[in-house]
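Survey of secondary and tertiary structure
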Amino acid sequence: MDAISLRYGGPEISALLERTDAPALDTLLAGDVPALSLAIFATELAVLDLSRELAGITPGLVVGHSFGEFAALTAAGALEVADGARLVIARDRALRAAHGTEGGMVALRVGRQRGSAVVGSLADRALVVAAHNGYDQVVVSGPHESLDRLRAVANLLGIEATRLRVPYPFHNRLLTEANRLFEAEVDGVRVRAPRVPMYSPVLGRYVETEQDSREILTSHLVREVGFLSAVVAVRGDGFTRFLECGARAALTDLVDATLPGVRTAAPLRQRRTLDELRSALAAFSGEGAGTDAPAVERVGPDASPFERVGPDASAVEQAGSDVPAVERAEPVPVPAAPVRTTAPEPAEPSPPGDAAVPGLVDELRTLYASAIGYPEEVFEADVELEADLGIDSIRQTELLQRARRKYDLPEADHIRITDYTTLESIAGLLTELGAGRVSA
């Protein structure tokens, strides 16, 4: 991938994939989005290759989410790897060159109809529903100021609204100029009809022709992502096994929350050795295995595929994945919650202020276990919520808000959830906000 990237004037990304001290997601979002994008693309293809090599898994269908459609097109044979990488580089170049691309995205824990109503109530043409990810999640994109107003209205209505850490207002006509610049790049690349069946959430249908493949590429920046309708459609066509190709488990959690009787796997849900990865893939490909995720309730912004954040993960681990491969299979039972697979690390220091209130960690353990569905005993005071238990940052944000409401504490918009990654550190934060005085 480095060689291809350098050929087209792009960044080297192997260090982001191989080094444990690679830059964090925030660092890359602030200063090197092109490297982050290419590293995500490479990771998605690498996981697919590893699934074939280690467990003989061959996809019966591929589905991409948003930017993940680039990897899906490549996995399906509509693009050569070199052309896929070239287009990833060109896409970032177009986004940087275009005017008026400032903005971001907010996940709302509501259904499509109510989400559209909330957006419409603001009478702001720059705000749009960018993705419909689940029965209880939509993602809205727009300018930063508009998103601030959206969050304020959502707060008044009691709707959970989570700002996502993304560099642009994707799937919005604000990116029309970038989309036009990128179209010119697509014209110079050979694109084919997929050789492996592919369903596109951007098109809302199966991808059958070269023109379909091109349409995805030349419109994805400005069109809504219908992920919910896509997975419902392919489930209706008999696909019941979903393998997430990429880091973390954003899409797996969405599928588990949406589709009954399916079998899922996210091989990189948490940090794993090669042997553990081989075992996870073998379990998925075998006849007796189920999902490697815990049973989950219907989810909202905690399952957004736009953000995966870990305290010590590489940037690609933090950013997550966008493309699952799916196969036909039979439904199987869900196993118990995951166990800790990494050695204990030094506990996160509590923020400045009083020491955590005695018993507060125990109360948080009960709260988090009840919400996630894990046994209380896995929530050790110093266990990393994402790296060890696979609880992503948006889910953590939601749980922190629950804890804040439980103790009737004030809003704290300045808080970075990635600074509070263990129950011990969260207890320290709540103590600083006043949980000790409330408990007393």
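Keep in mind the model is a prediction, meaning the values are calculated, not measured.

Here we come to the packing of helix H9 (residues 176-187) against helix H10 (residues 210-219). Two numbers describe how H9 lies on H10: the axes approach to 8 Å, and their chain directions differ by 145°. Contact with H9, carried on its side by Asn179, Phe182, Glu183, Val186 and Asp187, involves Arg214, Leu217, Thr218 and Ser219 of H10 and no other residues of that element. A class-by-class count of the residues in the contact of H9 with H10 yields 3 nonpolar, 3 polar and 3 charged.

Strand order in the open sheet formed by 4 strands is E3-E4-E2-E5, with antiparallel pairing between adjacent strands. Edge positions in the sheet fall to strand E3 (128-134) and strand E5 (161-164), since each has one partner strand and no second. Averaged over all pairs of adjacent strands, the angle between their axes in this sheet comes to 25°, without regard to strand direction. Examined bridge by bridge, E3 and strand E4 (residues 137-142) share 5 bridges and lie antiparallel to one another.

This paragraph deals with the environment of Glu177. Structurally, the position occupied by Glu177 is in helix H9. For the pair Glu177 and Ala98, spaced 79 residues apart in the sequence, the C-alpha separation amounts to 5.7 Å. In contact with Glu177, other than residues within four places in its own chain, are Ala97, Ala98 and His99. Within the structure, the side chain of Glu177 is placed 3.0 Å from the backbone nitrogen of His99, a separation counted as a polar contact.

Overall, the prediction assigns the protein chain a mean pLDDT of 83, with 81% of residues at 70 or greater. Below pLDDT 50 for its whole length, residues 288-315 participates in 136 contacts with residues either more than four positions away or in separate chains. Note that residues 328-356 has pLDDT below 50 and, in this model, 69 contacts with residues that lie over four places away or in other chains.

Within the fold, Asp83 resides in helix H6 (residues 81-97). Buried within the structure, Asp83 lacks any salt-bridge partner; its nearest side chain of opposite charge belongs to Arg86, at an N-O separation of 4.4 Å. Those residues in contact with Asp83 that lie beyond four places of it in its chain are Val189 and Arg190.

To continue, consider the pattern of salt bridges. Here the structure, examined in full by the defined rule, presents 17 salt bridges. As a salt-bridge pair, Asp49 and Arg52 come within 3.8 Å of each other at their nearest N and O atoms. On the criterion of helical spacing, the pair formed by Asp49 and Arg52 is a turn pair, its members being 3 residues apart in helix H4 (residues 33-55). A salt bridge links Asp212 to Arg205; the shortest N-O distance between them is 2.9 Å. For Arg205, a relative accessible area of 33% translates into the label partly exposed. Here the salt bridges do not stand alone but share partners, grouping Arg205, Asp212, Glu215 and Arg223 into one network.

The next subject is unusual backbone geometry. Of note, Ser66 is a non-glycine position whose phi angle comes to about 60°, a positive value. Checked against the element boundaries, Ser66 lands in the loop between strand E1 (61-63) and helix H5 (68-75). With a phi close to 60°, His171 is a non-glycine residue in the positive phi region. Tracing the chain through its elements places His171 in the loop between E5 and H9. Residue classification places His171 among the buried positions, given a relative accessible area of 3%.

Analysis parameters
Residues numbered from 1 in each chain as written. Predicted model: local features only at pLDDT ≥ 70, side-chain atom pairs only at ≥ 80, totals over all residues. Heavy atoms only, no water. Axes fitted to C-alpha atoms, helices over the stretch in contact; angles between N-to-C directions. Helix = DSSP H or I, 4+ residues; strand = E, 2+ residues; numbered from the N terminus. Contact = heavy atoms within 4.5 Å. Nonpolar A, V, L, I, M, F, W, Y, C, P; charged D, E, K, R; others polar. Pairing = 2+ DSSP bridges. Polar contact = N/O pair within 3.5 Å; in protein donor to acceptor, adjacent residues only side chain to side chain. pLDDT = per-residue confidence, 0-100. Buried < 20%, exposed > 50% of the residue type's maximum accessible area, 1.4 Å probe, protein only. Lys, Arg positive; Asp, Glu negative; His and termini not counted. Salt bridge = Lys/Arg side-chain N within 4 Å of Asp/Glu carboxyl O.

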